[in-house]
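Chain by chain, the residues:
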Amino acid sequence: RLRAAGLEIDQVLATRVRGAVSADVNFGGTFAAPRGTGTVEASDLWLDETGPGIARVDFDATSRELTLAPLRLALGPNVVTGNVTIGLASRTLRGAVTAELTELEPLARSVPVEWRPAGAADLDAQLGGTLDNPTVELTLASRDLRVAGQTFRTVQSRVLFANQVATVTEFELTQDEG
């Protein structure tokens, strides 16, 4: 069982990811107010059979807060960027993540083939709330999405995840005639 800063790390996911990791870490501050800063980089990164990729995140950690900014993950042609701040003492979460997913299919290999999506999607997520009750405001835009034998020219959606409930505030599909 893996833990980092009191946060659980999904052991199943950890067995599916492989690559080389390096870290440059600097420690400072005082005994009463320690601080660590640095960069963590991963190369030759693979998720199951999808890769290779790279990941890089700069961090600034105190006993009260962990800031991950900027963060960047590129797996094949798919890129995720963002910044996240975790209040360790207050157990709060805030940040923003953007994903440009130009090839969905390799990322969805665990989805049954008849439902596996193909195409491209852009995601923007605003993170907030607490670690026990996070909120995510998600905007999804997709083009030429293929799912379950159907092709959708465009998909637009806005979803709010809060209080363990997903509320769809916008959902639009366009499809060619036929």
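Caption draft 1: Structural view of the overall build of the chain. Summing up its helical and strand segments, the chain has one helix and 12 strands in all. Element order for the chain, N to C, with α for helix and β for strand: β-β-α-β-β-β-β-β-β-β-β-β-β. Seen through its principal axes, the chain has C-alpha atoms that stretch 70 × 35 × 25 Å. A separation threshold of at least 6 residues defines the contact pool for the chain, and within that pool the share at least 24 residues apart is 30%.

Caption draft 2: Up close: the pairing of strand 6 (residues 65-75). As paired elements, strand 5 (residues 50-62) and strand 6 share eight bridges and run antiparallel to each other. Counterpart to V57 in the pairing with strand 6 is L71. Judged from the nine bridges that link them, strand 6 and strand 7 (residues 78-87) form a sheet pairing that is antiparallel. In the strand pairing of strand 7, T67 is matched with T85. Counted between consecutive antiparallel strands, the loop separating strand 6 from strand 7 contains two residues, among which G76 sits at a positive phi close to 60°.

Caption draft 3: Highlighting empty space enclosed by the protein. Applying the stated criterion to the full structure yields one cavity of 30 Å³ or more. Looking at the largest cavity, its volume works out to about 30 Å³. Taken together, R16, L47, D48, T50, P106, L107, R109 and S110 form the lining of the largest cavity. Looking at the lining of the largest cavity, its residues break down into three nonpolar, two polar and three charged.

Caption draft 4: Molecular detail of the nonpolar core. Among the nonpolar cores identified, the biggest contains eight residues, and these are A99, L101, L104, A121, L145, V147, F152 and V155. When neighbours within four sequence positions are excluded, A99 is seen to be in contact with V79, V80, A121, D122 and L123. Among the nonpolar cores identified, the runner-up in size contains five residues, and F59, V84, I86 and L93 belong to it.

Caption draft 5: Structural detail: the environment of L66. If you trace the backbone, L66 turns up in strand 6. The residues contacting L66, other than those within four sequence positions of it, are F59, D60, A61, V84, T85, I86 and L88.

Caption draft 6: Region of the structure containing the pattern of salt bridges. Scanning the entire structure with this criterion turns up nine salt bridges. Two residues, E41 and R56, come together in a salt bridge whose shortest N-O distance is 3.3 Å. On the criterion of sequence distance, the pair formed by E41 in strand 4 (residues 34-47) and R56 in strand 5 is long-range, its members being 15 residues apart. Here E41 falls in the partly exposed class, since its relative accessible area comes to 36%.

Rules of the game
- Residues numbered from 1 in each chain as written.
- Predicted model: local features only at pLDDT ≥ 70, side-chain atom pairs only at ≥ 80, totals over all residues.
- Heavy atoms only, no water.
- Helix = DSSP H or I, 4+ residues; strand = E, 2+ residues; numbered from the N terminus.
- Contact = heavy atoms within 4.5 Å.
- Pairing = 2+ DSSP bridges.
- 1 Å grid on protein atoms, 1.4 Å probe; cavity = no way out; pocket = protein on both sides within 12 Å on 5 of 7 lines; lining within 4 Å.
- Points joined across faces, edges and corners; volume = space filled by probe spheres on them.
- Nonpolar A, V, L, I, M, F, W, Y, C, P; charged D, E, K, R; others polar.
- Core = buried A, V, L, I, M, F, W, Y, C linked by side-chain atoms within 4.5 Å.
- Buried < 20%, exposed > 50% of the residue type's maximum accessible area, 1.4 Å probe, protein only.
- Salt bridge = Lys/Arg side-chain N within 4 Å of Asp/Glu carboxyl O.

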